[in-house]
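Working through the structure, step by step
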2 protein chains.
Amino acid sequence: MFSKACEYGIRASIFIAEQSLLDRKVSLKDVAEAIESPSAYTSKILQRLSKSNIINSDKGPTGGFSMDKSELEKVKLNSIVYAIDGDTVYNGCGLGLKKCNADKPCPVHNQFKVIRDELKKMLENTTVKTLAMDYEKGLTFLKR
Amino acid sequence: MFSKACEYGIRASIFIAEQSLLDRKVSLKDVAEAIESPSAYTSKILQRLSKSNIINSDKGPTGGFSMDKSELEKVKLNSIVYAIDGDTVYNGCGLGLKKCNADKPCPVHNQFKVIRDELKKMLENTTVKTLAMDYEKGLTFLKR
DNA sequence: TAAATAGTGGACAATTTTATCCAATACAAA
DNA sequence: TTTGTATTGGATAAAATTGTCCACTATTTA
Ligand code: FES
Ligand code: FES
């Protein structure tokens, strides 16, 4: 569904969001441990999220990653997926044709469109904040 | 969503099905041209479909690939995806946790489950035959 | 200002996926 | 039975993704 990088990105964001709700900055190491991901690789992903203004990063001692509490409910899964995997999820053809196009549809276009729209809607409506809050309550897990 | 191999596999199956409805066997070359795929790679995929008894393959002159007309409506997208990509689509966690498990769910488990079940249902209910018939009528396309 | 800390950026390595090549095999037809 | 044709299977190769290493920069604090 998503690339590994994107999976890490979403999990990392949720963790950073949760910690930010508790007014804590987290280090790369913290993130990698919390989501059980290779830290150097995770670093690259956090860089991309930072450049897309989804997370903040601060250098130096007392540095680390964080998200603005005030903007947290504005961040949807959507933006993370887009920042890392681009728009293939939304615009790509399910059977790999160069373009998904209703005028020259692949055999599963109609069936796919329904599901893709559903997915899109879900990603657009799900805020990182709610996910972070559930995680904070111990209802969900970022590794296993 | 699916691997490239799986995309080719689905497209190839639809083409073979359509030709089989017209009582024609098709060669590897025919398939590769019809779905615009690298033929040697496509060959590997057809082998897997053949071993999963989704398509027939015959060697020698007058050989080629085909599907039994009588069994055509029994073949669902489902079996093709399973033959090539395995069960990751159905059982994998959307955020890449080792197992998808409602007892220890990832933060998007519930949202994902809805969509995955939808996808699953679609794959289980869509027969290659109907797709092949639409394709035959020129309503859909296997390349572009 | 020096030292310690934490992210950054670039090069590089491993793995997985996608793609190619070719000799071997099987088979139909002449 | 020979010949030509088409798939098979194994070895490689190329490309993309995932993962690692390390020197550098920025920043805080002593
Ligand atoms: S053309 Fe294939 S999904 Fe739209
Ligand atoms: S645990 Fe992640 S989708 Fe079920």
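If you're wondering where the values come from, they're calculated on a predicted model, not measured in any experiment.

**Looking at the protein's contact with DNA strand D**
Around DNA strand D, 26 residues are found, and the nearest of them are A:Pro38, A:Pro61, B:Lys44, B:Ser57 and B:Pro61. Expressed as a percentage, the sugar and phosphate content of the atoms of DNA strand D within 4 Å of the protein is 63%. Contact between DNA strand D and A:Lys4: a phosphate oxygen at 2.9 Å from a main-chain N or O atom of the residue. Between DNA strand D and the protein, one listed contact pairs a phosphate oxygen with a side-chain N or O atom of A:Tyr41 at 3.5 Å. Per-element tally for the surface near DNA strand D: the top contributor is helix H3 (residues 39-51) of chain B, with four residues. Class assignment for the residues of the surface near DNA strand D results in ten nonpolar, nine polar and seven charged.

**Regarding helix H6 (residues 109-125) of chain B**
Helix length check: H6(B), at 17 residues, gives a terminal C-alpha distance of 24 Å against a target of 24 Å (1.5 Å per residue), a fit within 8%. For H6(B), the complete set of buried residues consists of B:His109, B:Phe112, B:Ile115, B:Arg116, B:Leu119, B:Met122 and B:Leu123. The buried residues of H6(B) occupy an angular sector of 155 degrees when projected down its axis, which confines them to one face. Of the exposed residues in H6(B), those oriented more than 90 degrees away from the buried face are B:Asn110 and B:Asn125. Buried-residue contacts for H6(B) involve helix H6 (109-125) of chain A together with helix H4 (77-85) and helix H5 (88-91) of chain B.

**Some remarks on the relation of the copies chain B and chain A**
For these two chains of identical sequence, chain B goes onto chain A by a turn of 180 degrees and a shift of 0.0 Å along the axis, with RMSD 0.0 Å. Within this description, the copies of the chain are treated as partners about a two-fold rotation axis. Within chain B, the C-alpha atom positioned nearest to the axis of rotation is that of B:Met1, 2.2 Å from it. Of all interface residues in chain B, 100% are interface residues in chain A too; the two copies therefore contact each other through one and the same surface.

**A few points about the interface of chain B and chain A**
Opposite the 37 residues of chain B that make contact, chain A presents 37 residues. Interface area for chain B against chain A, summed over the two sides, is near 3500 Å², with a carbon-plus-sulfur share of 71%. Between the two partners, chain B and chain A, sit two salt bridges. Close ionic contact of B:Lys98 with A:Glu36 constitutes a salt bridge, the shortest N to O distance being 3.3 Å.

**Some thoughts on the protein's contact with DNA strand C**
In the vicinity of DNA strand C there are 26 residues, among which A:Lys44, A:Ser57, A:Gly60, B:Lys4 and B:Pro38 approach most closely. Taking all atoms of DNA strand C within 4 Å of the protein, the share assigned to sugar and phosphate is 67%. The contact in question runs from a phosphate oxygen of DNA strand C to an N or O atom on the side chain of A:Lys51, over 3.3 Å. With respect to DNA strand C, the backbone of B:Lys4 contributes an N or O atom lying 2.9 Å from a phosphate oxygen. Where the surface near DNA strand C is concerned, the elements lending two or more residues are helix H3 (39-51), strand S1 (56-58) and strand S2 (64-66) of chain A together with helix H1 (4-21) and H3 of chain B. The leading source of residues in the surface near DNA strand C is H3(A), at four residues.

**Topic: unusual backbone geometry**
All names here are of chain A. Notably, Glu36 is not glycine yet its phi reads approximately 55 degrees, a positive angle. Structurally, the position occupied by Glu36 is in the loop between helix H2 (28-35) and H3. With a relative accessible area of 44%, Glu36 lands in the partly exposed category. If you check the backbone angles, Thr62 has positive phi at about 70 degrees while not being a glycine. Along the chain, the position of Thr62 falls in the loop between S1 and S2.

**A closer look at the pattern of salt bridges**
Residue and element names in this part refer to chain B. One pass over the full model with this rule turns up 16 salt bridges over all chains. One salt bridge in this structure joins Lys137 and Asp134, with 3.9 Å as the shortest N-O distance. Lys137 gets classed as exposed once you look at its relative accessible area, which sits at 56%.

**Details of the packing of helix H1 (residues 4-21) of chain A against H2(A)**
All names here are of chain A. It is the contact of H1 with H2, at a shortest axis distance of 10 Å, that shows an interaxial angle of 115 degrees. In terms of orientation, H1 lies roughly perpendicular with respect to H2. Helix-helix and strand crossings are classified by hand; for H1 and H2 the assignment is right-handed. Facing H1, whose interface residues are Tyr8, Arg11, Ala12, Phe15 and Ile16, H2 presents Asp30, Val31, Ala34 and Ile35. A class-by-class count of the residues in the contact of H1 with H2 yields seven nonpolar, no polar and two charged.

Cut-offs and rules
- Residues numbered from 1 in each chain as written.
- Chains lettered and ligands numbered in written order.
- Predicted model: local features only at pLDDT ≥ 70, side-chain atom pairs only at ≥ 80, totals over all residues.
- Heavy atoms only, no water.
- Near = heavy atom within 4 Å.
- Polar contact = N/O pair within 3.5 Å; in protein donor to acceptor, adjacent residues only side chain to side chain.
- Helix = DSSP H or I, 4+ residues; strand = E, 2+ residues; numbered from the N terminus.
- Nonpolar A, V, L, I, M, F, W, Y, C, P; charged D, E, K, R; others polar.
- Expected span 1.5 Å × (residues − 1).
- Buried < 20%, exposed > 50% of the residue type's maximum accessible area, 1.4 Å probe, protein only.
- Arc of directions from axis to C-beta.
- Contact = heavy atoms within 4.5 Å.
- Least-squares fit on C-alpha atoms with pLDDT ≥ 70 in both.
- Buried area = accessible area lost by both parts, 1.4 Å probe.
- Salt bridge = Lys/Arg side-chain N within 4 Å of Asp/Glu carboxyl O.
- Axes fitted to C-alpha atoms, helices over the stretch in contact; angles between N-to-C directions.
- Parallel < 35°, antiparallel > 145°, perpendicular 65-115°, else oblique.
- Left-handed = near helix turned anticlockwise from the far one by under 90°.

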